[in-house]
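Overview (structure and organization)
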Amino acid sequence: MDTSENLPTYIAVLDVPEEKIEILPGASADLTSVTFSIKEEDHTLGNSLRWSIMQNPQVDFCGYSIPHPSEAKTNLRIQTTDRSNAIDAMNKGLDDLRSVCQIMKARLHQRLKEGNYAHTE
């Protein structure tokens, strides 16, 4: 059942420009099964975001694909349990991935400040 024309605009909640992510036609009415299209992204974000979303116990499935090498977009499919929805799972996945990146950045700066690393020529 195609409910895409009846979907509210949730994308603004994702803290990214609205035109960056769209919900593709074919989302379930209860939003437990949604395919997002993320423009100008590739495997780097696709796989990282898939990993982050799959850490959520409310997510049954998350996978991504690059429709065609000449298209600069990544499609990400999320299916959740009845107790959640794909939009909440996407928001949590983005927040969790952002947290991981911030932790890694802080640790990198800490190690660089300590100077405890090898120099190679």
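Source: prediction; values computed, not measured.

A word on the overall build of the protein chain. Tallying secondary structure elements over the protein chain gives two helices and four strands in all. Element order for the protein chain, N to C, with α for helix and β for strand: β-β-α-β-β-α. Here the protein chain, with 121 residues, has 33% of them falling under the buried criterion. Summed over all atoms, the accessible surface of the protein chain reaches about 7900 Å², with 51% contributed by carbon and sulfur.

This brings us to the confidence of the model for the protein chain. The predicted model of the protein chain has a mean per-residue pLDDT of 87, with 85% of residues at 70 or higher. Every residue in residues 6–14 is under pLDDT 50, and counting partners more than four places away or in other chains gives 16 contacts.

Attention now goes to the nonpolar core. By size, the foremost hydrophobic cluster in this structure holds 19 residues, and its most contacted members are V34, F36, L49, I53, L76, I78 and M90. Mapped onto this core, the elements with two or more residues apiece are strand 1 (21–23), strand 2 (33–39), helix 1 (43–54), strand 3 (59–65), strand 4 (73–80) and helix 2 (86–114). No other element matches helix 2, which puts six residues into this core. Sequence-distant contacts of L76, defined by excluding residues within four places in its chain, comprise V34, T35, F36, G46, L49, I53, C62, G63, Y64 and M90.

You can see W51 is positioned in helix 1. For the pair formed by W51 and L97, sequence separation is 46 residues and the distance between their alpha carbons is 8.8 Å.

Unusually for a residue other than glycine, L31 sits at a positive phi of about 65 degrees. Mapping L31 onto the fold places it in the loop between strand 1 and strand 2. Look at E40: it is not a glycine, yet its phi comes out positive at around 60 degrees. Mapping E40 onto the fold places it in the loop between strand 2 and helix 1.

A few words on the sheet that holds strand 4. With antiparallel pairing, four strands are arranged side by side in an open sheet as 1-2-4-3. For this open sheet the edge positions go to strand 1 and strand 3, each flanked by a neighbour on one side alone. For this sheet, the mean angle separating the axes of adjacent strands, direction not counted, is 20 degrees. Judged from the six bridges that link them, strand 3 and strand 4 form a sheet pairing that is antiparallel. Across the sheet, F61 pairs through a bridge with Q79, a residue of strand 4. Where helix 1 meets the sheet, it contacts strand 2, strand 3 and strand 4, and its direction lies at approximately 175 degrees from that of strand 3.

End to end, helix 2 covers 42 Å across 29 residues, agreeing with the expected 42 Å (1.5 Å per residue, within 8%). Taken as a whole, helix 2 has its buried residues at A86, I87, A89, M90, N91, G93, L94 and L97. In this fold, the buried residues of helix 2 make contact with strand 1, strand 2, helix 1, strand 3 and strand 4. At the N-terminal boundary of helix 2, the capping side chain belongs to N85, with an oxygen 2.9 Å from the backbone nitrogen of I87. One or two steps after helix 2, the chain reaches G115, where phi turns positive at roughly 70 degrees.

About the thresholds
- Residues numbered from 1 in each chain as written.
- Predicted model: local features only at pLDDT ≥ 70, side-chain atom pairs only at ≥ 80, totals over all residues.
- Heavy atoms only, no water.
- Helix = DSSP H or I, 4+ residues; strand = E, 2+ residues; numbered from the N terminus.
- Buried < 20%, exposed > 50% of the residue type's maximum accessible area, 1.4 Å probe, protein only.
- Areas by Shrake-Rupley, 256 points an atom, 1.4 Å probe, with all protein chains shown as cover.
- pLDDT = per-residue confidence, 0-100.
- Contact = heavy atoms within 4.5 Å.
- Core = buried A, V, L, I, M, F, W, Y, C linked by side-chain atoms within 4.5 Å.
- Pairing = 2+ DSSP bridges.
- Axes fitted to C-alpha atoms, helices over the stretch in contact; angles between N-to-C directions.
- Expected span 1.5 Å × (residues − 1).
- Polar contact = N/O pair within 3.5 Å; in protein donor to acceptor, adjacent residues only side chain to side chain.

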